[in-house]
Amino acid sequence: MQICSRCSTSSPDTTQICPNCKVELSQYSVTAVSLKKLVENPRVNAIHLATSDDACPACQAIQGTYAKNEAPILPVEGCSHPQGCRCFYQPLLEEIYP
């Protein structure tokens with residue numbers, strides 16, 4: 001499931017436009033907004049794509065650590081999990097304290 005960051009409407013992974021507020025979920029889903037913030041954060045060195053223990057084969061294949069500008073877009077295309085893509089981003093920080 002995708003969640004719209006503008007209106008908090010949940011939609012299936014295959015939905016491209018929020019059915020409530022009509023924004024593009026590729027730019028305004030909670031995960032898309034999170035990725036953008038991680039990429040813009042100078043303290044984030046890389047991004048780890050984590051999966052759940054019961055992840056589908058498509059998600060398992062894409063799990064790993066990526067350069068900030070190379071992190072895959074979520075939801076994972078081809079995800080076959082009954083509850084939708086459950087992958088998430090984890091930042092890898094250059095430094096922990098300012």
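Report on the accompanying structure.

Cut-offs used in this document
Residues numbered from 1 in each chain as written. Predicted model: local features only at pLDDT ≥ 70, side-chain atom pairs only at ≥ 80, totals over all residues. Heavy atoms only, no water. Helix = DSSP H or I, 4+ residues; strand = E, 2+ residues; numbered from the N terminus. Contact = heavy atoms within 4.5 Å. Polar contact = N/O pair within 3.5 Å; in protein donor to acceptor, adjacent residues only side chain to side chain. Buried < 20%, exposed > 50% of the residue type's maximum accessible area, 1.4 Å probe, protein only. Arc of directions from axis to C-beta.

Section: the environment of Gln-63
Looking at the secondary structure, you find Gln-63 in the loop between helix H3 (57-62) and strand S4 (64-67). Along the chain, Gln-63 and Ser-11 lie 52 residues apart, while their C-alpha atoms are 23 Å from each other. Excluding residues that lie within four positions of it along the chain, Gln-63 makes contacts with Leu-49 and Thr-51. Within the local environment of Gln-63, its side chain forms a polar contact with the side chain of Thr-51, the two groups lying 2.6 Å apart.

Focus: helix H2 (residues 30-40)
Of all the residues in H2, the buried ones are Ala-32, Leu-35 and Leu-38. One face of H2 carries all of its buried residues, which in axial projection span an arc of 125 degrees. Set apart from the buried face of H2 by more than 90 degrees, the exposed residues are Lys-36, Lys-37 and Glu-40.

Quick look at the environment of Val-30
With respect to the secondary-structure elements, Val-30 resides in helix H2. With relative accessibility at 39%, the residue Val-30 sits in the partly exposed group. Setting aside residues up to four positions removed in sequence, Val-30 forms contacts with Ile-3, Cys-4 and Ser-5.

Section: the side chain of His-48
With respect to the helices and strands, the residue His-48 is situated in strand S3 (residues 44-50). Look at His-48 and you get buried, because its relative accessible area is 19%. Those residues in contact with His-48, other than ones at most four positions away along the chain, are Gly-64, Thr-65, Phe-88, Tyr-89, Gln-90 and Leu-92.

Interpretation note: all reported values are geometric properties and have no functional meaning in isolation.
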